[in-house]
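Each chain, letter by letter, is given below.
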Amino acid sequence: MICMYDHMIAAVKIKGEYNGTELRKVPVPDISDDEVLVKVSRASICGTDIHIYKWNEWAADTMGIPIIYGHEFSGYVEKVGDKVKNIKKGDYVSAEGHVWCDDCYQCRTGRRHICPNMKSLGISRNGIFAEYAAIRDKNIWHNDESIKPEIASLQDPLGNAVQTVFAGNVAGKTVLITGAGPIGLMAVSVAKATGAGKIIVTEHANSYRLDIAKRLGADHTLLDNEDIVERVKELTDGNGVDVSLEFSGAMQALRTGLKSLTNGGKMVILGLYSSDIPFSDEDINDIVIRGISVEGITGRLIWDTWYQSNRLLKSGKLKLDELITDRFKFDDFHDGFRAALSGKAGKIIYSFD
Ligand code: NAD
Ligand code: ZN
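Residues numbered from 1 in each chain as written. Chains lettered and ligands numbered in written order. Predicted model: local features only at pLDDT ≥ 70, side-chain atom pairs only at ≥ 80, totals over all residues. Heavy atoms only, no water.

Colleague: I keep staring at the overall build of the protein chain and nothing clicks. Help me out?
Modeller: Secondary structure summary: the protein chain contains twelve helices and 18 strands in total. For a compact globule of 353 residues, the expected C-alpha radius of gyration is about 20 Å, and the protein chain comes in at 21 Å, within 12% of that figure. Its C-alpha atoms put the protein chain at 65 × 40 × 40 Å along the principal axes. Buried residues in the protein chain amount to 54% of all 353 residues. Summing over all exposed atoms, the protein chain offers an accessible surface of approximately 15,700 Å²; the carbon and sulfur share of this is 48%. Put simply, the protein chain has 42 plus and 48 minus side-chain charges, and the middle of one group is 4 Å from the middle of the other. (Helix = DSSP H or I, 4+ residues; strand = E, 2+ residues; numbered from the N terminus. Rg over C-alpha atoms; globule rule 2.2 N^0.38 Å. Buried < 20%, exposed > 50% of the residue type's maximum accessible area, 1.4 Å probe, protein only. Areas by Shrake-Rupley, 256 points an atom, 1.4 Å probe, with all protein chains shown as cover. Lys, Arg positive; Asp, Glu negative; His and termini not counted. Charge placed at Lys NZ, Arg CZ, Asp CG, Glu CD.)

Written as structure tokens, this is what we have:
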């Protein structure tokens, strides 16, 4: 399909290096029959985008260039492909950033979020740090008009937090959250909103983020220079927590999370690790003998988690406004990443209007 539009501004990774992103004038993407063209309204920066911006080993190994990156957004449909049903110009939308295949064993058995053939918006195909983006129709999520565009742009990481907290089944339980990055902080708010009994949050030398955790509902915050396992025991009548939710991607926090669990407790892991994790036979035997369950979490359940997140947002119980620390015009793209890299930021939002 030939596009009526001409050019747009996009953040393009043009060189595989730290300073390799440029704001460029590029053609607006053409859409195929099963895609829609979305005019981006708000975009937010994800930890993955920071890896791409810095061009770390993971980015170099995983991605091709040039590429437009970014995947957290909200916007309005500008036009639809010839075979698209149920989406029309003007619709207020976001999208699931994982592009599943629909043909494999997992997709055919209701587990599209762990499709082994998964592609990702802004990683394996052009993303949304641009005025317009082409999105597969199946991936489109219709936003509720009551949810403002900057909050709607956060539904991807919010979905990570919701899936993790719900896997921990936290209502009435004591909960340890390790890592108060944006997703860990969202988890604090989700755990509070869904009735967690006591929420303890840990961070590594980042008391700024622990202050946000307190505002979102954490009962206790701990820096990792304390003996966390001991402190958690003190705060839980000597028992340890019922549930540990791991959002740091740090080996030390994973170990602390496991050791802080009461016998029969549950460990849910969203964090991704970039260094080797030496796990001894003692560590594994501890999990076995104490009857600990461990669950890994990827992305969002499609579309269960999106419905759950939507209802939580509409309940008014999530305090995501507290998490947005900086707002920039898209033209000031690099300022947004400077803020993200400062360590003194929650979520950073770009606006395109
Ligand atoms: P982030 O890097 O912004 O936050 C991690 C936080 O953990 C930081 O604030 C850091 O200071 C803190 N931390 C580091 N070491 C710690 C320690 N020993 N104890 C306590 N806190 C410590 O990351 P994010 O964007 O909030 O994402 C959280 C994690 O989830 C990352 O590991 C990310 O790679 C991963 N992730 C996984 C999925 C998935 O689908 N499984 C999706 C998105 C993100
Ligand atoms: Zn599949």
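Colleague: How do you make sense of the site of ligand 1 when you look at a structure like this?
Modeller: Not every one of the 21 residues close to ligand 1 is listed here, only the nearest: Glu 203, Arg 209, Phe 247, Ile 297 and Gly 299. A distance of 2.6 Å separates an oxygen atom of ligand 1 from a polar atom in the side chain of Arg 209. Within the side chain of Asp 224, one N or O atom sits 3.3 Å away from a nitrogen atom of ligand 1. For ligand 1, whose unbound accessible area comes to 860 Å², protein coverage reaches 79%. Counting only elements with at least two residues in the shell around ligand 1, the list comes to α6 (182-193) and β12 (198-203). Residues belonging to the shell around ligand 1 are distributed by class as follows: eight nonpolar, ten polar and three charged. (Near = heavy atom within 4 Å. Polar contact = N/O pair within 3.5 Å; in protein donor to acceptor, adjacent residues only side chain to side chain. Nonpolar A, V, L, I, M, F, W, Y, C, P; charged D, E, K, R; others polar.)

Colleague: Can you walk me through the coordination of the zinc ion (ligand 2) in this structure?
Modeller: Four donors placed tetrahedrally around a metal ideally meet at 109.5 degrees, and six donors placed octahedrally ideally meet at 90 or 180 degrees. The coordination sphere of the zinc ion (ligand 2), as far as protein atoms go, consists of Cys 101 (SG), Cys 104 (SG), Cys 107 (SG) and Cys 115 (SG), spread over 2.3 to 2.4 Å. Judged by relative accessible area, which is 8%, Cys 107 ranks as buried. (Donors = N, O, S within 2.8 Å, 3.2 Å for Na, K, Ca; no water.)

Colleague: When you look at the pattern of salt bridges in this model, what are you seeing that I'm missing?
Modeller: Where charged atoms of side chains with opposite charge meet at close range, the side chains can pair. In total, this model carries 21 salt bridges according to the counting rule given. With a shortest N-O distance of 3.0 Å, Asp 286 and Arg 290 are connected by a salt bridge. Residues joined by salt bridges that share partners form a network here, namely Arg 255, Lys 259, Asp 283, Asp 286 and Arg 290. (Salt bridge = Lys/Arg side-chain N within 4 Å of Asp/Glu carboxyl O.)

Colleague: Could you clarify how one ought to interpret α6 in this entry?
Modeller: Along an α-helix, residues three or four apart share an orientation, since each turn contains 3.6 residues. In this model, α6 (twelve residues) spans 17 Å end to end at C-alpha, consistent with the 16 Å of a helix rising 1.5 Å per residue. Among the twelve residues in α6, ten count as buried, and that is most of the element. Among the residues making up α6, those that are buried are Pro 182, Gly 184, Leu 185, Met 186, Ala 187, Val 188, Ser 189, Val 190, Ala 191 and Ala 193. Its buried side turned inward, α6 meets α5 (155-168), β11 (174-178), β12, α7 (207-216), α11 (304-315) and β18 (347-351). Of the residues trailing α6, Gly 195 is marked for its positive phi of about 85°. (Expected span 1.5 Å × (residues − 1). Contact = heavy atoms within 4.5 Å.)

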